[in-house]
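Read off the chains here:
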Amino acid sequence: MSKKSEKDESKKKDQPHGMSREEYTAWVRQGIGNVIASNEIKPREVISSGSICLDRILGIGGFPKGAIVELWGIAGSGKSTIAITTAIEAQKNKKTVIYIDAEHSFDNEYAKYLGLDFDRFIRHSTDNMGNFSAENIMNITKQALLSPDIELVIIDSLPALIPRKTLEEMEEDIDESGRSFPLLPGILSRWLPKFMQITAYENKLLLVINQVRANTNAGWSVFAPPFIRPCGKALEHATKILLQLMPSKAISEGQKNIGRWVRVKIDKSKVAKSQEGEFPLIQGEGIDIVREVEMLAKEFKIFGEQDGKYTYRDQVIGKTIAGLRGFARNNPTLFEELIMEIRNAE
């Protein structure tokens, strides 16, 4: 054996952890952890939000599976509507959706009108007996995410969850000065790392709705935000997408306001470039897909024009939103093709 070979053999003996890539992978897969080789990485799967505009703003065509996503905003900004329309899209994969209604505000009739399939939908509602404390809700969420038949879990909303100890204090009528310090941030800090692991490994989506609170520490500062997100910082770090919804300008037909545009701001995204935009929300009817199509088809110059009217595939549409609604009603297949062309437009 040459001196060089003897030196190499001696060096290997001195490095007990000097394993090849194949040996290292086999060692880890014996139960220590999970290794994903670069050639094993699968394309990212998404669940549409139900809004063409919002899917484009998200940058990947919807909410990513294998992730925790947070929606936050003031009351009436469309958070629950987006949760329901996302649930409807998830059901198209023949999967069940879990909806934890901590606010007791879920409207069955509205959800049915939007198209929710109640045969693939399980709603949990809290009670006042401590049976659905924040800790129990966390355990329900964990079990739901581990189920192979469930693709999406929605928590509406996070600040409405009440820790077990707080419920006990309410029952005992403890004086305010003796109450425990807010416990929910600590509960989330313990559970969210586990949810991050499960969502990633099981390829599930956990959609969490958060509220806002007035920023009482802002004082007279013009730089401090007027609103803050409650429940601590743990959720912000655990999310792959942090989405803020804000009501914007009104949508009118004649003299009547029928809805509003909702301003979307992506505060954090680990999957695409952060963007801003708007989608139309009609009171009692949900997202106005036809209005979205009108705006985006004009933006991407997909419509043709004939005698001063818009056309698509030689079909005359007209110049008004009413004309496009008639086109969608009379040509559903062609309208779906128009939507797909918009989704694929760059």
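All of these numbers come straight from a predicted model, not from anything done at the bench.

### Concerning the overall build of the protein chain
Now for step 1: Secondary structure summary: the protein chain contains 12 helices and 16 strands in total.
Now for step 2: Of all 346 residues assigned to the protein chain, the portion counted as buried reaches 43%.
Now for step 3: Pairs at least 24 apart in sequence give 63% of the contacts found in the protein chain among residues at least 6 apart.
Now for step 4: Counting only carbon and sulfur atoms, one obtains 50% of the accessible surface of the protein chain, whose full area is about 19700 Å².

### What about the sheet that holds strand β5 (residues 121-125)?
Now for step 1: With mixed pairing, 9 strands are arranged side by side in an open sheet as β5-β4-β6-β7-β3-β10-β11-β12-β13. For this open sheet the edge positions go to β5 and β13 (286-287), each flanked by a neighbour on one side alone.
Now for step 2: One ladder, built from 7 bridges, connects strand β11 (residues 256-269) with strand β12 (residues 276-282); its direction is antiparallel. What sits directly across from Val264, in β12, is Gly277.
Now for step 3: The strands that helix α6 (residues 134-146) touches are β4 (96-101), β5, β6 (150-156) and β7 (205-210); relative to β6, the one it contacts most, it runs at about 160°.
Now for step 4: Of the strands in this sheet, β10 (241-253), β11, β12 and β13 touch helix α10 (residues 289-299), which is tilted by about 140° from β12.

### Focus on α6
Now for step 1: Between its terminal C-alpha atoms α6 stretches 19 Å, which fits the 18 Å expected from 13 residues at 1.5 Å a residue.
Now for step 2: Every buried residue of α6 is accounted for by Ala134, Glu135, Ile137, Met138, Thr141, Ala144 and Leu145.

### Comments concerning the packing of aromatic side chains
Now for step 1: Counted by the stated rule, this structure contains 6 aromatic pairs.
Now for step 2: Aromatic side chains Phe106 and Phe121 sit 5.3 Å apart centroid to centroid with 25° between the ring planes, which places their arrangement in the stacked category. Residue Phe106 is located in the loop between β4 and α5 (108-114), and its partner Phe121 is located in strand β5; the two are separated by 15 residues in the primary sequence. One exposure class covers both Phe106 and Phe121, and it is buried.
Now for step 3: Ring plane angle 35° and centroid distance 5.3 Å describe the contact between Phe303 and Tyr310, whose orientation is recorded as tilted.
Now for step 4: By relative accessible area, Phe303 is classed as buried at 12%.
Now for step 5: Counting every residue linked through ring pairs, the aromatic cluster contains Tyr99, Phe106, Phe118 and Phe121.
Now for step 6: Sitting over the ring of Tyr310, Lys319 keeps its end group 4.1 Å from the ring centre.

### So, the pattern of salt bridges
Now for step 1: According to the stated counting rule, one finds 18 salt bridges in the structure shown.
Now for step 2: The shortest N-O distance in the salt bridge between Asp101 and Arg123 comes to 2.9 Å. With Asp101 in strand β4 and Arg123 in strand β5, this pair connects stretches of sequence that are 22 residues apart.
Now for step 3: Classification of Asp101 by relative accessible area gives buried; the value is 0%.
Now for step 4: For Arg123, a relative accessible area of 37% gives the class partly exposed.
Now for step 5: Residue Glu253 pairs with Arg291 through a salt bridge whose shortest N-O separation is 3.7 Å. You can see Glu253 sitting in strand β10 and its partner Arg291 sitting in helix α10, a full 38 residues away along the chain.
Now for step 6: Of the residues examined, Glu253 reaches a relative accessible area of 41% and is grouped as partly exposed.
Now for step 7: Connected via shared salt-bridge partners are Glu70, Arg229, Lys233 and Glu236.

### Points about the confidence of the model for the protein chain
Now for step 1: In the predicted model, the protein chain carries a mean pLDDT of 85, and the fraction of residues at 70 or more is 81%.
Now for step 2: Note on residues 11-16: pLDDT under 50 across the span, and 0 contacts to partners over four residues away in sequence or across chains.
Now for step 3: For residues 177-181, every residue scores under 50 in pLDDT, and the model assigns this stretch 7 contacts once sequence neighbours within four places are set aside.

### A look at helix α12 (residues 332-344)
Now for step 1: Over its 13 residues, α12 runs 19 Å from end to end, which matches the ideal 18 Å to within 8%, given 1.5 Å per residue.
Now for step 2: Those residues of α12 that sit buried are Leu334, Phe335, Leu338, Ile339 and Ile342. The arc that holds the buried residues of α12, viewed along the axis, is 145°, so those residues lie on one side. Exposed residues lying more than 90 degrees from the buried face of α12 are Thr333 and Asn344.

### Thoughts on the packing of α6 against helix α8 (residues 184-202)
Now for step 1: Contact pair α6 / α8: the axes reach a minimum separation of 10 Å and the direction vectors enclose 5°. Relative to α8, α6 is oriented roughly parallel. Residue-level inspection shows Ala134, Glu135, Met138, Asn139, Thr141, Lys142, Leu145 and Leu146 of α6 in contact with α8, the latter providing Leu184, Ile187, Leu188, Trp191, Phe195, Ile198, Thr199 and Glu202.
Now for step 2: A per-class count over the contact of α6 with α8 returns 10 nonpolar, 3 polar and 3 charged.

### Let's talk about the side chain of Glu135
Now for step 1: Note on placement: Glu135 falls in helix α6.
Now for step 2: Buried charge without a salt bridge: Glu135, with Arg164 as the nearest opposite-charge side chain at an N-O distance of 4.2 Å.
Now for step 3: Apart from the residues within four sequence positions on either side, Glu135 is in contact with Pro163, Arg164, Ile187 and Trp191.

### What about the pairing of β10?
Now for step 1: The pairing of strand β3 (residues 67-73) with β10 spans 5 bridges and is parallel. Counterpart to Gly73 in the pairing with β10 is Leu245.
Now for step 2: Two strands pair when backbone bridges link them, and β10 and β11 are joined in this way by 11 bridges, in the antiparallel orientation. The residue of β11 that forms the bridge with Glu253 is Lys256.

Parameters at a glance
- Residues numbered from 1 in each chain as written.
- Predicted model: local features only at pLDDT ≥ 70, side-chain atom pairs only at ≥ 80, totals over all residues.
- Heavy atoms only, no water.
- Helix = DSSP H or I, 4+ residues; strand = E, 2+ residues; numbered from the N terminus.
- Buried < 20%, exposed > 50% of the residue type's maximum accessible area, 1.4 Å probe, protein only.
- Contact = heavy atoms within 4.5 Å.
- Areas by Shrake-Rupley, 256 points an atom, 1.4 Å probe, with all protein chains shown as cover.
- Pairing = 2+ DSSP bridges.
- Axes fitted to C-alpha atoms, helices over the stretch in contact; angles between N-to-C directions.
- Expected span 1.5 Å × (residues − 1).
- Phe/Tyr/Trp six-rings, centres within 6.5 Å; stacked < 30°, edge-to-face > 60°.
- Lys NZ or Arg CZ within 6 Å of the ring centre and 35° of its normal.
- Salt bridge = Lys/Arg side-chain N within 4 Å of Asp/Glu carboxyl O.
- pLDDT = per-residue confidence, 0-100.
- Arc of directions from axis to C-beta.
- Parallel < 35°, antiparallel > 145°, perpendicular 65-115°, else oblique.
- Nonpolar A, V, L, I, M, F, W, Y, C, P; charged D, E, K, R; others polar.
- Lys, Arg positive; Asp, Glu negative; His and termini not counted.

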